[in-house]
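Residues per chain are reported as follows:
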Amino acid sequence: MMTATHRLGFTDKLRAHLELLDPVTWISVFPCLAGGVMASGAMQGTFHDYLLLLALFLMFGPLGTGFSQTINDYFDLELDRVNEPTRPIPSGRLSEKEALINSIVVFVLALGIGIVLGIHVGGTRGIFITSAIAVGLFVAYIYSAPPLKLKKNILTSAPAVGLSYSLITFLSANALFSDIRPEAVWLAVLNFFMAIALIIMNDFKSAKGDEESGLKSLTVMIGAKNTFLVAFAIIDMVFAVFAWLTFSWGFTILMYVILVALVANITIQIMLYRDPKGGLSFMQHAVDDGFGNAIGKSDVQEHNSFLRYQVANNLLFLINLLVAAGMVGARYM
């Protein structure tokens, strides 16, 4: 383990700062941004609109999500010594002071872009966009920082992640180009609950450290197999409500597709519930070769099973979500 941070060259130091922002997590906001924009039906293929969308992605992705990752590492140094000792701070590649400076810089940049976008868009929509990033940054801070430290209990940590990564990003993307569509609110809420289910299972990777430090993740409280069961129930509820919504919007064919996706998902869930550690092993190549860099890898067996499940679930849910968003936006064009 490297203990003297000054031994790193400039390039290695820059790489450590970038790693602290955890680029793998940036992509998590993109489907919600894409869905929100598509549901608006108002984005034009102009340089101006693409520039606005890029600014929104930078605000919520590298800067907003990056801030949440940096501040989490800063306050969880002792926990990461157990769970993720190769991260920049516990490995000694960055000092705590350098990590704090990193978090301050990305916080200011994210809020600054939010203010500029809010002024540019103007009106209620502009206020919403600026308020959304301010709320997201605040939640990201109290998620990891004492005394609230929302991540200490799954009942506060999962909703906080769903709010920051899914709900406000989806609605902000919609507000960037139009008034927020009623259908977009429903789709954003579905994303919110899907994120809750996924973050519940993502805690598998840190179960050992969570138990030692007193964090109340669902895995620590009820075990891995029951955690799968709770997450699957939420996911299936999301699919069922999604099917009902598309039917009520008149998207009958899409409703049937979503119901088929639900049946496929339940089939996969049963396989995984029966074997929480080795289930869906036939999909391991998709994690290692196809999606590994995007969703991460793990040595914890239950978490590795979750990653395999996440590949299938994301395909079944996100494709249908984007199709629904596009059909909603087409109505407003």
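Residue positions are given per chain, counted from 1 along the sequence in the order it is written. Reporting in this predicted model follows two pLDDT cut-offs: at least 70 for local features of residues, and 80 or more for side-chain atom pairs to be given and counted; totals over whole chains, interfaces and linings ignore these cut-offs and use all residues. With hydrogens and water stripped out, all remaining heavy atoms of the structure feed into the side-chain values.

Turning next to the overall build of the chain. Along the backbone of the chain there are 14 helices and zero strands. For the exposure calls, accessible area comes from a 1.4 Å probe over protein chains only, and a residue counts as buried if that area is under 20% of its type's maximum, exposed if over 50%, partly exposed in between. Expressed as a percentage of the 333 residues in the chain, the buried residues total 54%. To be clear on the numbers: accessible area is Shrake-Rupley with a 1.4 Å probe, and residue cover counts the displayed protein chains and nothing else. Per element, the accessible surface of the chain, about 15200 Å² overall, is 68% carbon and sulfur. For the purposes of this entry, the term helix denotes a DSSP run of H or I that reaches at least four residues, the term strand denotes a run of E that reaches at least two, and both are numbered from the N terminus.

Glancing now at the packing of helix H3 (residues 47–75) against helix H5 (residues 96–121). Note on geometry: axes are lines fitted to C-alpha atoms, helical ones only across the stretch in contact, with angles between N-to-C directions running from 0 to 180 degrees. Running from N to C, H3 and H5 cross one another at 150°; their axes reach a closest spacing of 8 Å. The angle between H3 and H5 falls in the class roughly antiparallel. The chirality of how H3 crosses H5 is left-handed. Polar here means any residue other than Ala, Val, Leu, Ile, Met, Phe, Trp, Tyr, Cys and Pro, which are nonpolar, and Asp, Glu, Lys and Arg, which are charged; Gly is therefore polar. For the contact of H3 with H5, a count of residues per class yields 17 nonpolar, seven polar and one charged. Oblique is the label for any angle not under 35 degrees, not over 145, and not in the 65 to 115 range, which are roughly parallel, roughly antiparallel and roughly perpendicular in turn. When the near helix sits turned anticlockwise from the far one by under a right angle, the crossing is termed left-handed; a clockwise turn instead gives a right-handed crossing.

Taken together, the side chains of Phe47, Leu51, Leu54 and Leu58 present a nonpolar region at the surface, about 410 Å² in accessible area. Of note, Leu58 is situated in helix H3. Here Leu58 falls in the partly exposed class, since its relative accessible area comes to 34%. The patches described consist of residues with a relative accessible area above 30% and no salt bridge, like charges being joined within 9 Å and nonpolar side chains (Val, Leu, Ile, Met, Phe, Trp, Tyr) within 5 Å. Whenever a carboxyl oxygen of Asp or Glu lies within 4 Å of a side-chain nitrogen of Lys or Arg, that contact is scored as a salt bridge.

Under the definition given, this model contains seven salt bridges. Arg87 serves as the salt-bridge partner of Asp73, at 2.8 Å between the closest nitrogen and oxygen. Of this pair, Asp73 sits in helix H3 while Arg87 sits in the loop between helix H4 (77–83) and H5, placing them 14 residues apart in sequence.

Moving on: the packing of aromatic side chains. The way to describe two aromatic rings as a pair is by their centre distance and the angle between their planes. Aromatic pairs are defined between Phe, Tyr and Trp rings, using the six-membered ring for Trp, whenever the two ring centres lie within 6.5 Å; interplanar angles under 30 degrees are classed as stacked, those over 60 as edge-to-face, and all others as tilted. This model, assessed by the stated rule, comprises 10 aromatic pairs. For the pair Trp249 and Phe251, a centre-to-centre distance of 6.2 Å together with 70° between the ring planes defines the contact as edge-to-face. Take Trp249 and Phe251: they sit in the same class, and that class is buried. Within the aromatic cluster, the residues linked to one another by ring pairs are Tyr74, Phe75 and Tyr141. In this analysis the charged atom, NZ for Lys or CZ for Arg, is taken to sit over a ring once it is within 6 Å of the ring centre and within 35 degrees of the ring normal. Lying across the ring of Tyr332, Arg181 places its NZ or CZ 4.0 Å from the centre.

The next point concerns the nonpolar core. In this structure, Leu187, Ile200, Met201, Phe239 and Phe317 are the most contacted members of the largest nonpolar core, which totals 57 residues. Going through the elements one at a time, helix H2 (30–40), helix H6 (123–144), helix H7 (154–177), helix H8 (182–202), helix H11 (224–248), helix H12 (252–274) and helix H14 (301–332) are the ones with two or more residues in this core. Of all the elements, H8 adds the most residues to this core, at 12 residues. Only heavy atoms enter the contact rule, under which two residues are in contact if any of them lie within 4.5 Å. Look past the residues within four positions of Phe239 in its chain and what remains in contact with it is Met194, Ile258, Ala261, Leu262, Asn265, Asn313, Leu316 and Phe317. Here, nonpolar core means buried Ala, Val, Leu, Ile, Met, Phe, Trp, Tyr and Cys residues that are tied together by side-chain atoms lying within 4.5 Å of each other. Residues Leu21, Ile129, Ala140 and Phe177 belong to the second largest nonpolar core, which totals 27 residues.

Turning next to the side chain of Ser178. Secondary-structure assignment places Ser178 in the loop between H7 and H8. On the basis of relative accessible area, Ser178 is assigned to the buried category, the value being 5%. If near-sequence neighbours (up to four positions away) are discounted, Ser178 is found in contact with Ser40, Ala42 and Arg125.

Quick look at the packing of H11 against H12 now. In contact at an axis separation of 8 Å, H11 and H12 are set at 170° when each is read in the N-to-C sense. When the interaxial angle is binned, H11 and H12 end up roughly antiparallel. Residues Lys225, Phe228, Leu229, Phe232, Ile235, Asp236, Phe239, Ala240, Phe242, Ala243, Thr246 and Phe247 of H11 touch H12, and the partners they reach there are Thr252, Leu254, Met255, Ile258, Leu259, Ala261, Leu262, Asn265, Ile266, Gln269, Leu272 and Tyr273. The residue inventory of the contact of H11 with H12, partitioned by class, reads 18 nonpolar, four polar and two charged.

What follows is about the environment of Ala99. Within the secondary structure, Ala99 sits in helix H5. As for Ala99 and Asp73, which are separated by 26 residues in sequence, their C-alpha atoms are 8.2 Å apart. Sequence-distant contacts of Ala99, that is, excluding residues within four places in its chain, are made with Leu20, Thr70, Tyr74 and Ile89.

Considering the arrangement of structural elements, one finds Leu63 in helix H3. Along the backbone, Leu63 and Ala110 are 47 residues apart, and their C-alpha atoms lie at a distance of 5.4 Å. Apart from the residues lying within four places of it in its own chain, the contact partners of Leu63 are Leu58, Val106, Leu109, Ala110 and Ile113.

Don't take any of this as a statement about function, it's just geometry.
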